[in-house]
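# Structural features, examined
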Amino acid sequence: MRLALIFLLATSAFAQNDEPYTAEIRKQTTEARFMTELVDHLPASATVPSPLQFHGYIAGAEGKLTYAEDVYRYMRALETASPRVKVFSVGKSEEGREFIVVAVANEETIANLDRYRDITRKLSDPRKISDDEAKELIAQGKPIYYLTGAMHSPETASPEMLMELAYRLAVEDTPFIRSIRDNVITLITPVLEVDGRNRQVDLWRYREKNPGVPTPPLVYWGKYVAHDNNRDQIGMGLALSRNAMKAYYDFHPQVMHDLHESVPFLYISTGTGPFNPALDPLMIDEWHRMGFHEMDELTRRGLPGVWLHGFWDGWAPNYMFWLGAGRNTIARFYETFGNRWPTTEKRIVRGASERAWYRQNPPLPEVRWSLRNNVSFQQSGVLFALHDMAENRERFLERYWTMGKRAIAKAANEGPAAWVLDAGQKRQGQLHDLLDLLQRHGIEIHRSDEAFSMLTNWPPAKPADVKDAKADTKEKKPEKKPEPMKFAKGSYIIRMDQPYSRLADMLLDTQFYRTDDPRPYDDTGWT
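Every value quoted in this text rests on a predicted model; they were computed, and no experiment measured them.

Between the first and last C-alpha of helix α16 (residues 428-440) there are 18 Å, a value that for 13 residues agrees with the 18 Å anticipated at 1.5 Å per step. The complete set of buried residues in α16 reads L431, L435, L437 and L438. Across the axial projection of α16, the buried residues extend over an arc of 160 degrees, all falling on one side. Note on α16: the residue one or two positions beyond its end, G442, has a positive phi of about 85 degrees.

Moving on, we get to the environment of L455. By secondary structure assignment, the location of L455 is in the loop between β13 (452-454) and β14 (485-487). Overall, the relative accessible area of 55% leaves L455 in the exposed class. Along the primary structure L455 and F54 are separated by 401 residues, whereas in three dimensions their C-alpha atoms are 67 Å apart. If sequence neighbours within four positions are ignored, L455 has contacts with P482, E483 and P484.

This brings us to the pairing of strand β8 (residues 330-336). Looking down a regular strand, the side chains alternate between one sheet face and the other. Counting buried positions along β8 yields seven of seven residues, so the element is predominantly enclosed. The alternating pattern of β8 places I330, R332, Y334 and T336 and A331, F333 and E335 on opposite faces, both of which are buried. Pairing of strand β6 (residues 266-268) with β8, which is carried by three bridges, proceeds in the antiparallel orientation. From the neighbouring strand, I268 faces β8, where its bridge partner is Y334.

As a further point, take the nonpolar core. One finds M75, Y145, L165, F265 and L383 to be the most contacted residues of the largest nonpolar core, which totals 100 residues. For Y145, the residues in contact, after removing those within four places along its chain, are V184, I185, T186, L187, V255, H257, M290, R332, A385, L386 and M389. Counting 36 residues, the second largest nonpolar core, distinct from the first, contains I110, Y116, Y146 and M320.

As a volume, the largest pocket reaches approximately 1300 Å³. Every residue lining the largest pocket is counted, 44 residues in all, and those nearest its centre are W419, W458, L508, D509 and T510. Among the elements of the structure, β11 (418-421), α16, β14 and α17 (501-508) are those that each provide at least two residues to the lining of the largest pocket. Grouping the constituent residues of the lining of the largest pocket by class yields 29 nonpolar, eight polar and seven charged.

Quick look at the sheet that holds strand β12 (residues 446-447) now. Spatially, the three strands line up as an open sheet ordered β11-β15-β12, and their pairing is antiparallel. Two strands in the sheet have a free side with no partner beyond their single neighbour: β11 and β12. Bridge count between β12 and strand β15 (residues 492-495): two bridges; the pairing is antiparallel. The residue of β15 that forms the bridge with H446 is I493.

Reading guide: rules and limits
- Residues numbered from 1 in each chain as written.
- Predicted model: local features only at pLDDT ≥ 70, side-chain atom pairs only at ≥ 80, totals over all residues.
- Heavy atoms only, no water.
- Helix = DSSP H or I, 4+ residues; strand = E, 2+ residues; numbered from the N terminus.
- Expected span 1.5 Å × (residues − 1).
- Buried < 20%, exposed > 50% of the residue type's maximum accessible area, 1.4 Å probe, protein only.
- Arc of directions from axis to C-beta.
- Contact = heavy atoms within 4.5 Å.
- Pairing = 2+ DSSP bridges.
- Core = buried A, V, L, I, M, F, W, Y, C linked by side-chain atoms within 4.5 Å.
- 1 Å grid on protein atoms, 1.4 Å probe; cavity = no way out; pocket = protein on both sides within 12 Å on 5 of 7 lines; lining within 4 Å.
- Points joined across faces, edges and corners; volume = space filled by probe spheres on them.
- Nonpolar A, V, L, I, M, F, W, Y, C, P; charged D, E, K, R; others polar.

The quantities given are spatial measurements derived from coordinates; they are silent on function.
Spelled out as structure tokens, the structure:
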């Protein structure tokens with residue numbers, strides 16, 4: 001009954017659909033079961049241009065990829081035509097290309113966006129507001145869902161999808177979409193790696209003009225880096241990372257959702273573990289709650305190949321979306337069946353088509369796949385995620401505030417109470433590089449007025465479940481009575497009673513990885 005009701009609500013305005021666009025969606029989709037009732041059409045508007053009207057092609061069209069600047073021109077055309085859209089310029093890439101954030105919500109929300117941003121900013125630091133003030137802010141506020149695309153340049157669908165999503169959220173008038181628009185602020189960065197996106201589109205244009213000639217590889221996506229532009233969250237060496245961090249602090253979103261394309265057909269991130277021990281268990285709970293909700297909604301509509309668990313682990317804090325996870329924002333990602341080129345081809349799905357306990361609805365072993373299929377999977381999942389936030393508006397704000405409170409209480413409840421960096425150590429250059437990096441991450445640092453000494457738990461003891469392979473062969477020595485460590489005047493103290501204490505632990509603590517755990521997905525940039 002609920003499925004039928006949602007279908008009726010989503011299609012009740014069918015007579016007002018953009019018929020040419022809708023016809024193209026269905027033409028470009030290789031099988032009807034790869035669509036949902038949320039994305040098998042596009043609403044018409046007399047005043048707001050669709051991607052087809054603006055670019056001459058739909059999102060996910062055969063043979064079409066859009067340069068970053070043209071994506072931005074479209075988003076600004078939406079802003080000009082609709083009071084429900086606002087575009088912000090955040091920064092520049094290494095090569096001088098713009099990095100933007102697009103906000104979509106109802107007219108009242110966009111008109112008062114600064115007020116809602118102020119609410120999430122206040123909720124980000126529970127030390128500065130009382131519990132009663134927090135409850136009042138939660139009742140008044142609107143949660144922010146931040147979507148990012150095109151981190152990896154050969155993964156080409158997300159900028160196309162995000163243009164159509166922005167239009168749909170601004171224009172469509174079904175109860176399903178109105179609920180999102182009225183209760184959620186949707187943030188969109190359609191292109192993260194703007195330099196690499198344009199090079200990828202260049203390669204496609206070259207490929208079109210030179211059929212039968214091998215296409216050169218895309219060696220560098222950004223000016224300095226390729227795939228590991230998503231391994232820079234610790235070092236913050238790239239403009240991409242710094243721009244995303246600025247956008248984060250401008251809005252303090254409750255969810256960060258990065259769109260990737262690799263495995264078929266839609267993997268929703270939950271991870272396999274071992275999860276980073278500094279993560280709040282509440283965040284891991286939300287990964288699973290949200291993931292199961294989206295998987296359920298898509299699977300019961302007949303979409304094959306939607307699954308959780310068997311990809312990634314949640315261990316290394318090096319990915320861009322960890323700028324959310326380290327700051328009490330739910331961080332997640334999708335992997336859809338990627339399209340390097342906007343072509344429709346028969347493709348063989350190998351291991352991922354095998355049924356497993358975590359993949360009871362596996363992808364098809366063979367499929368004719370198009371860029372539009374990719375767009376539809378991405379957008380359908382995202383819309384159910386946004387609708388979940390709309391139906392649980394206060395829950396997402398409360399969780400954000402609660403995880404901040406729990407991070408502050410970590411010093412007393414879990415420890416450590418603080419990290420101390422001795423001002424008297426020899427390697428002053430490395431010390432100050434580390435301090436600069438921690439401050440860039442927003443971690444609070446204090447200095448001691450006097451020299452002091454204290455008993456510490458450094459070096460830390462291994463957890464009980466981490467075994468030393470040589471432990472049985474070592475001769476046990478009598479335990480020494482611990483001696484206080486001495487710290488020079490002006491030593492740096494990182495107190496753990498701060499909202500980003502878990503991020504400090506991720507960056508400073510020793511990694512203990514059990515020998516019987518699965519091989520980590522990666523550990524790049526964290527040492």
